[in-house]
Amino acid sequence: MNYVFSPKTKLAILFGRNTDLRTICTFYILTGSLEMKKDKEFTAYCGLYCGDCVPSNKKLFDAAEKLGEELEKNQFDKYAELKSRKNNVFDDYETFRKVLSALTELRCPKTCINGGGNPNCKIRECVLKKGINDCWECSVFEDCQLLEPLSAYHGDTPKVNLRLIKEYGIEKWADKRGKHYIWDK
Ligand code: SF4
Ligand code: SF4
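As the structure is a prediction and not an experimental result, all values here were calculated from the model.

Caption draft 1: Focus on the overall build of the protein. In terms of regular secondary structure, the protein is built from eight helices and zero strands. Tracing the protein from N to C terminus, the helices and strands come up as α-α-α-α-α-α-α-α. The contacts in the protein between residues at least 6 apart in sequence include a share of 62% that link residues at least 24 apart.

Here is the structure:
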């Protein structure tokens, strides 16, 4: 939950006599500011929210890497070869390993504004060329063709998000964002 305090209220809290109230409210002021900073950091040029992207899912990639290491350690390829005589699903073990390895390479360690995401992204290139901060500062985003390819994964969310950022500001829009992937529930 985000608590919004006016500057006058913040001063009253910080310099007031009620220490319990001061501690609790200072906590909310600080966590609120951190939340706002995080929203800005996680907002990509195109209006997507980096924290919702599969490639930024730390838990998933840690688990995939750990699984790869354990399979190697146990020489599971040898085991799968013998197992495949009774259960032919293990014939595809090599394919499974290739997929696991390709999956781990999808990991994105940085947010988009810090250089993560697709290094050849045309949207980022366009924003930087125009000298603006992000697409919501662009007058043509509603009809932009460069944003169109995103719809295969994200539907109309990038444009919905860009409108929200325009309305609420970069630090206060994220809790209203649309579903990231078209298959999200
Ligand atoms: S790399 Fe491009 S498509 Fe991906 S989040 Fe950043 S701006 Fe959007
Ligand atoms: S034309 Fe505007 S909306 Fe389209 S990618 Fe460039 S900056 Fe973003």
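Let's pick the thread back up.
Caption draft 2: Expanded view of helix α6 (residues 122-130). Three or more residues of α6 are buried, namely Ile123, Arg124 and Val127. Buried residues in α6, looked at end-on, bunch into an arc of 100°, giving them a common side. Set apart from the buried face of α6 by more than 90 degrees, the exposed residues are Lys122, Glu125 and Lys129. Gly131 occupies a position one or two residues after α6 and carries a positive phi of about 70°.

Caption draft 3: Geometry of the nonpolar core. In terms of nonpolar packing, the biggest core is built from 17 residues, with Ala44, Tyr45, Cys46, Leu48, Cys50, Ile123 and Cys135 touching the most fellow members. Contributions of two or more residues to this core are made by α6 and α8 (157-168). Residue contacts for Leu48: discarding those within four places in its chain leaves His154, Pro158, Asn161 and His180.

Caption draft 4: Molecular detail of the site of ligand 2. Taken together, the residues surrounding ligand 2 are Ile123, Cys126, Val127, Lys130, Cys135, Cys138, Val140, Phe141, Cys144, Leu146 and Leu147. In terms of residue class, the shell around ligand 2 is made up of ten nonpolar, no polar and one charged.

Caption draft 5: Looking closely at unusual backbone geometry. One non-glycine residue, Gln75, lies in positive phi territory at about 45°. Note on Gln75: 9 C-beta atoms within 10 Å, which makes it exposed.

Caption draft 6: Representation of the site of ligand 1 in the model. Near ligand 1 the following residues occur: Ala44, Tyr45, Cys46, Leu48, Cys112, Gly117, Asn118, Cys121, Ile123 and Arg124. Grouping the amino acids of the shell around ligand 1 by side-chain chemistry returns seven nonpolar, two polar and one charged.

Caption draft 7: Focus on the environment of Tyr168. Within the secondary structure, Tyr168 sits in helix α8. Leave out the neighbours within four places in its chain, and Tyr168 touches Trp173 and Lys176.

Caption draft 8: How the structure looks around the environment of Tyr181. Mapped onto the elements, Tyr181 comes out in the segment after α8. Setting aside its immediate chain neighbours within four residues, Tyr181 contacts Tyr153 and His154.

Caption draft 9: Representation of the confidence of the model for the protein. Looking at the protein, pLDDT values average 87 and 81% of them are 70 or higher. Scored below 50 in pLDDT, residues 1-5 makes seven contacts in the model with residues more than four places away or belonging to other chains. A low-confidence stretch, residues 24-31 stays under pLDDT 50, and its non-local contacts, those more than four residues away or across chains, total six contacts.

The rules behind these values
- Residues numbered from 1 in each chain as written.
- Chains lettered and ligands numbered in written order.
- Predicted model: local features only at pLDDT ≥ 70, side-chain atom pairs only at ≥ 80, totals over all residues.
- Helix = DSSP H or I, 4+ residues; strand = E, 2+ residues; numbered from the N terminus.
- Contact = placed C-beta atoms within 7 Å.
- Buried ≥ 20, exposed ≤ 12 C-beta atoms within 10 Å, placed from the backbone.
- Arc of directions from axis to C-beta.
- Core = buried A, V, L, I, M, F, W, Y, C linked by C-beta atoms within 7 Å.
- Near = placed C-beta within 6 Å.
- Nonpolar A, V, L, I, M, F, W, Y, C, P; charged D, E, K, R; others polar.
- pLDDT = per-residue confidence, 0-100.

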